Amino acid sequence: MPQFFLNKRLIILLVSIIVLVALIGFSLRERSKLSWPEQFVKDTTGWVQSLVSKPSNYIAGFFENLQDLQNTYNENKELKSRLDNLVSLESQVQALKKDNEELRAVLDEEKTLRDFEPLPATVIGRNPDRWHEMIIIDKGSLNGLKKNMAVVTANGLIGKVKSVNKFSSTVQLLSATDPKNRISAIVQGKTKVYGLVEGYDKEKKLLMVKAIPAGAEIEKGQTVITSGLGGIFPEGLLIGKVVEVKPDQYGLNLTALIKPGADFYDIKNVMVTKKIMRDPDITDLTDGKEEGS
Amino acid sequence: MKKFLLPLLFLFLFLLESLFVQYLPENVFGRNRILVPHFLFAAILFLTIFVGKKQGIIYAAIFGLLFDIVYVEIIGIYLFVYPFISYLVSKIMQILQTNMIIAFLVSIFGIALLEVGVYEMNHLIHVTNVDFMSFINLRFYPTLILNAAFIIIAGYPLKRLFEKHAEALRVE
């Protein structure tokens, strides 16, 4: 037995396993901020990454342009046919917008959950091990980013800001498996149906909206948007379209499978949304139970 | 200049992995598969095989830590697995002869161990809820094929470089 403990390698192995568990435990707990060495390392590599990713973005863009040229004729035809509708739609939207503003002025409620300030950012890296679906963007706390802000592309919501450094930040995509990641959503049908975006089916590549009350009328093809009720995300960001509805495992609620509007792969430019309306304080809530985003 | 060559090479591979995943389309070959690049780790294993155990483990620990901080945000997984597998590989190489084919096979074995090890750890801390069989089909085989292709392409230049480096070390 004493000889067993004298074995240097075994002791090193045991010590390193203890250190491993301690480190994982340290990084898994709920952290509002990364420690400064981590931030320093991330900012430094972020700087190098942006040096590398800008020229490679340019090259990739060039090849994409070449591909686009091939489809130009067909696309042009299709776009022309849509253009006619667009003009009338645009004038309608203008009128509605003006109407809305006027009515809001009358009501004295000029800010809504819908208003946000977009902040463009470029993707400079992505987690290569692909268990944690994360991307790194080139804007940080100096640009006014904060934890938990919603991140969108032109086609819809893709995720939220997970951690912020001075010059770069990490965005957790919706496709990541994280039980803490819940987003309050609305299915837009004849009536508004509320649910929570929770989880991602990796094989089918569909998002799951859970906790929809049974008996709600949801059909295939209806749009799902953020509700803005979590207090963090603005209202009205597109999440996706309903593909399938099924009862959940206890049969009490419905679960809708959604095809996300945004592509979670091949992301180049994103927008971070900064909500304008004031977040409610803890004291504003009656029972402080409201959680999530 | 020569002193900085190896760290720069590894840093380049470190960034290359991220770029590779960023520009990879959703469906490769029209099928839903997850391809994971382990270019950096393949190079570290080659370093362990052709230069030495000590060098290999030091580089594995440094870049494992960097990988954890920058990409994963959970410190400890790669910091532990990279050096551990480098150590195992160096033990295996004590028995086997050092040549290109053996190096190729041992590196593939190391990458397979890495994938399974990281999967088990992530399963343990609930980062993933994929079951083992779909992990194998969805991720494990495609990843091995991708990295085998990388080693076939980059293996020979890496071997030449590391052998030169080992010689320079011996002269010193």
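Residues numbered from 1 in each chain as written. Chains lettered and ligands numbered in written order. Predicted model: local features only at pLDDT ≥ 70, side-chain atom pairs only at ≥ 80, totals over all residues. Heavy atoms only, no water.

Visitor: Explain the packing of helix H1 (residues 2-23) of chain B against helix H2 (residues 39-50) of chain B to me, and be specific about the residues and the numbers.
Guide: All names here are of chain B. With their axes 8 Å apart at the nearest point, H1 and H2 run at an angle of 150 degrees to one another. Classed by the angle they form, the pair H1 and H2 counts as roughly antiparallel. Counting all contacts with H1, which are made through Leu6, Phe10, Leu13, Phe14, Leu16, Glu17 and Phe20, the residues of H2 involved are Phe39, Leu40, Phe41, Ala43, Ile44 and Leu47. Along the lines of polarity and charge, the residues of the contact of H1 with H2 split into 12 nonpolar, no polar and 1 charged. (Axes fitted to C-alpha atoms, helices over the stretch in contact; angles between N-to-C directions. Helix = DSSP H or I, 4+ residues; strand = E, 2+ residues; numbered from the N terminus. Parallel < 35°, antiparallel > 145°, perpendicular 65-115°, else oblique. Contact = heavy atoms within 4.5 Å. Nonpolar A, V, L, I, M, F, W, Y, C, P; charged D, E, K, R; others polar.)

Visitor: Which residues make up the interface of chain A and chain B, and what values go with them?
Guide: Contact residues are listed per partner, giving 46 residues for chain A and 44 residues for chain B. Carbon and sulfur atoms make up 64% of the surface buried where chain A meets chain B, a total of about 4200 Å² over both sides. Three residues stand out in chain A for area buried against chain B, namely Pro128(A), Arg130(A) and Trp131(A), and they jointly supply 19% of the buried area on that side. On the surface where chain A and chain B come into contact, there are 2 salt bridges. Glu73(B) is paired through a salt bridge with Lys42(A); the nearest N and O atoms lie 2.5 Å apart. Linking chain A to chain B there are 15 residue pairs in polar contact (both at pLDDT 80 or more). Residue assignment for the side of chain A that touches chain B shows that the elements contributing at least two residues are helix H2 (8-28), helix H3 (36-107), strand S1 (116-126), strand S2 (134-137) and strand S4 (156-164) of chain A. Here the side of chain A that touches chain B gets 11 residues from one element, more than from any other, and that element is H3(A). (Buried area = accessible area lost by both parts, 1.4 Å probe. Salt bridge = Lys/Arg side-chain N within 4 Å of Asp/Glu carboxyl O. Polar contact = N/O pair within 3.5 Å; in protein donor to acceptor, adjacent residues only side chain to side chain.)

Visitor: Give a description of the UniProt feature "transmembrane region" (unreviewed entry) in chain B that names residues and reports values.
Guide: If you check UniProt for "transmembrane region" (unreviewed entry), the listed places come out as residues 34-51, 58-81, 101-119 and 140-158 of chain B in our numbering. Within residues 34-51 of chain B, the helical portion is 67% and the strand portion 0%, while the C-alpha atoms at the span's ends are 32 Å from each other. (UniProt positions renumbered as here; feature names shortened; annotations may be inferred.)

Visitor: How would you sum up the pairing of S2(A)? Please name residues and give values.
Guide: Residue and element names in this part refer to chain A. Burial of S2 is two-sided: the residues Met134 and Ile136 facing one way and the residues Ile135 and Ile137 facing the other way are all buried. Summarising the sheet, S1 and S2 pair through 3 bridges and their orientation is antiparallel. What sits directly across from arginine 126, in S2, is isoleucine 135. (Buried < 20%, exposed > 50% of the residue type's maximum accessible area, 1.4 Å probe, protein only. Pairing = 2+ DSSP bridges.)

Visitor: How would you sum up unusual backbone geometry? Please name residues and give values.
Guide: The bulk of non-glycine residues show a negative phi, and the bulk of peptide bonds are trans. Residues and elements named next belong to chain A. Non-glycine residue asparagine 148 carries a positive phi angle of around 75 degrees. Residue position: asparagine 148 is located in the loop between S2 and strand S3 (150-153). Among the residues examined, asparagine 148 registers a relative accessible area of 22% and is labelled partly exposed. Positive phi values are uncommon outside glycine, yet alanine 211 reaches one of about 60 degrees. Among the structural elements, alanine 211 can be located in strand S8 (residues 206-213). For alanine 211, a relative accessible area of 38% gives the class partly exposed.

Visitor: Got a sec to walk through the packing of aromatic side chains? Specific residues and values, please.
Guide: Per the stated rule, a full pass over the model turns up 25 aromatic pairs over all chains. Centre to centre, the rings of Phe135(B) and Phe140(B) are 5.9 Å apart; their planes meet at 50 degrees, and the pair counts as tilted. Take Phe135(B) and Phe140(B): they sit in the same class, and that class is buried. Clustering of aromatic rings is evident, with ring pairs tying together Phe10(B), Phe14(B), Phe41(B), Tyr59(B), Phe63(B), Phe67(B), Tyr71(B), Tyr78(B), Tyr82(B) and Phe162(B). Positioned above the aromatic ring of Trp131(A) is the side chain of Arg139(B), whose terminal nitrogen or guanidinium carbon lies 3.8 Å from the ring centre. (Phe/Tyr/Trp six-rings, centres within 6.5 Å; stacked < 30°, edge-to-face > 60°. Lys NZ or Arg CZ within 6 Å of the ring centre and 35° of its normal.)

Visitor: Give me the lowdown on the sheet that holds strand S6 (residues 183-188) of chain A, citing residues and values where you can.
Guide: Residues and elements named next belong to chain A. Taken in spatial order, the 6 strands close into a barrel running S6-S7-S8-S11-S10-S9, and their pairing is antiparallel. On average, each strand axis in the sheet is tilted by 45 degrees relative to the strand beside it, whichever way the strands run. Of the pairings in the sheet, the one linking strand S10 (residues 238-247) to strand S11 (residues 253-260) comprises 7 bridges and is antiparallel in character. Within the sheet, the bridge partner assigned to lysine 241 lies in S11 and is lysine 259.

Visitor: Residue-level account of the sheet that holds S1(A), with values.
Guide: Residues and elements named next belong to chain A. Here we have 6 strands rolled up into a closed barrel, ordered S1-S2-S5-S4-S3-S12, and antiparallel in their pairing. On average, each strand axis in the sheet is tilted by 45 degrees relative to the strand beside it, whichever way the strands run. As paired elements, S1 and strand S12 (residues 269-275) share 7 bridges and run antiparallel to each other. Counterpart to proline 118 in the pairing with S12 is threonine 273.

Visitor: So what's going on with the environment of Leu196(A)? Which residues, and what values?
Guide: All names here are of chain A. For leucine 196, the position within the fold is in strand S7 (residues 192-201). On the accessibility criterion, leucine 196 (27% relative accessible area) is partly exposed. Sequence separation between leucine 196 and lysine 210 is 14 residues; the distance between their C-alpha atoms is 5.3 Å. Residues within four places of leucine 196 in sequence aside, it is in contact with Arg182, Ile183, Ser184, Met208, Val209 and Lys210.

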